[in-house]
Amino acid sequence: MTQVDAQVWTERCRHLLEGNQIRSDGFRYTRPAPHVYEYQWLWDSCFHAVTYRWFDGAMAWDELRSLVQHQVVGGADAGMIPHMAYWQADGAALWGEATRSIITQPPLLATAAWLVHEQHPNQAALAELYPRLVAYQDWFDRRRDLDGDDLVTLIHPWESGWDASPRWDAAMGLQNPTAAQSKAARHALVERLREHGCDAHALRAAGSFAVKAPDFNAIRAAECEALGRIAQALNLAETSRWQQKAAAIQHAVQTKCLRPVADQLVAHDLFGQDETATSPDSAAKFVLLFGGCASSEQVPALLTALRSDRYFTPYPVPTTPQDSPVFDGDTYWRGNVWLAVNWLIVRGLRRYHEHAIADEITRRSLELVDRAHFHEYFNPVTGQGHGPAQQSWSAVVLDLLKTVP
Ligand code: GLC
């Protein structure tokens, strides 16, 4: 990629993100897409901040600052950062809370803060965020580590960020659902969460959706590593606490979730109390690399799978492998390419020094946006874009481009 290309991409991404910026109550954030996603979403804002760091450091910090404003302050869920913030206070009908949702999303805040800090060092911003991010992790330990095994449990598919993935069908009591059925089930589940006060123990005992998702836990391992770096930068004596926590999560994911099925290594989502039921193979297993959750013996099998036709489609990486009976490249989360997921995978590959394949996924991700604009998601075979064409997080391809070694 030449310098000129990088400049062109920077301007395209700047144009997209600036068009989606919202100001509210003295804060600034970026909506995921006009009309369709007007609120603030947790992991989206982290991807936005990572993108902004290449052209607007002040906005990158503001995006993260706004994201922690709706952290829960009192009650059983104190410390949780909600997956959606309703700056116009119009969330009550769904959640029973005006300004926020009652569930979370993949914790990428410390990771994003550290990446922004590398580019635009800001001790004051780190110091402001740190206690809030610590409280968020304490909330995970208190409310979601149900078995003391360092793996947190999700109580709604929305928490995974992979809303309608076939991974969740069985745990949602669905079989080959239509998009409408799957959506209705997710909305009905919110009622159940409200009835149980979002108590994960109670929900699991009642047979409700309660899943230990390995990719979510891997992202949390990376979050703890980033908290260790932030603690060090702030001269706090807590670095080893976070390193130990990250190592414990990595060990748990590696040994409990990443296991073979026939000739494939599969990242198992562990369902319910007995953890015997699990989900089908998916690209979640590649996200494990992001959190350092694969051992050196496991990495070759993951790479073989990633390079195979199952996953290395013309536009990789489909979230469901294309030989799966439920693969559907055009339907929301049933087998599409999502550039935010690609970002996690590419960074994971680089962590393990697998640069050639990371470069190739980067190249094809850029080609996809070139052909199909900043769509929300794409068909991994035809490259056709779906969902809004001005989806903010698809601009994260800029970070992929900028971080090619
Ligand atoms: C969809 C995605 C979710 C994302 C949100 C906003 O709900 O499934 O992961 O955070 O849109 O872009």
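To be clear, the structure that these remarks concern was listed above.
Going along each chain's sequence as written, the residues are numbered from 1 onward. Where totals are concerned, whole chains, interfaces and linings use all residues; where local detail is concerned, this predicted model gives features only for residues with pLDDT of at least 70, and gives and counts side-chain atom pairs only at 80 or more. Each side-chain value is derived from all of the structure's non-hydrogen atoms; neither hydrogens nor water enter the calculation.

> Report on the pairing of strand S2 (residues 27–30), specifying residues and quantitative values.
In this structure, strand S1 (residues 21–24) lies alongside S2, joined through four bridges in antiparallel fashion. Each residue of the ladder has a partner; that of Gln21, found in S2, is Thr30. Pairing between strands is defined by DSSP: at least two bridges between them are needed. A run of H or I in DSSP counts as a helix once it spans at least four residues, and a run of E counts as a strand once it spans at least two, with each numbered from the N terminus. Counting the residues between successive antiparallel strands, the hairpin from S1 to S2 contains two residues, one of them, Asp25, with a positive phi of roughly 50°.

> So what's going on with the packing of aromatic side chains? Residues and values would help.
Working definition: a ring pair exists when centres of Phe, Tyr or Trp rings (six-membered ring for Trp) sit within 6.5 Å. Plane angles under 30 degrees give stacked, over 60 give edge-to-face, the rest tilted. Counted under the stated rule, the structure contains 25 aromatic pairs. A centroid spacing of 4.3 Å and a plane angle of 45° characterise the contact between Tyr39 and Tyr86, whose relative ring orientation is tilted. Note that Tyr39 is positioned in the loop between S2 and strand S3 (40–41) and Tyr86 in the loop between strand S4 (84–85) and helix H4 (92–95), a separation of 47 residues in sequence. Among the residues examined, Tyr39 registers a relative accessible area of 25% and is labelled partly exposed. Ring centres 5.8 Å apart and planes at 65° place the aromatic pair Tyr332 and Trp338 in the edge-to-face group. A 1.4 Å probe rolled over the protein chains alone gives each residue an accessible area, and that area as a share of the maximum for its type sets the label: buried under 20%, exposed over 50%, partly exposed in between. Taking relative accessible area as the criterion, Trp338 reaches 1% and is therefore assigned buried. Ring-pair connections join several aromatic residues into one group, and the members of that group are Trp43, Phe47, Trp162, Phe290, Tyr332, Trp333, Trp338, Trp343, Tyr377 and Trp393. Cation placement over rings: the criterion is NZ of Lys or CZ of Arg within 6 Å of the ring centroid and within 35° of the ring normal. Arg12 extends its terminal NZ or CZ atom over the ring of Trp9, reaching a point 4.4 Å from the ring centre. The aromatic ring of Trp242 is capped on one face by Arg241, whose charged end is 4.1 Å from the ring centroid.

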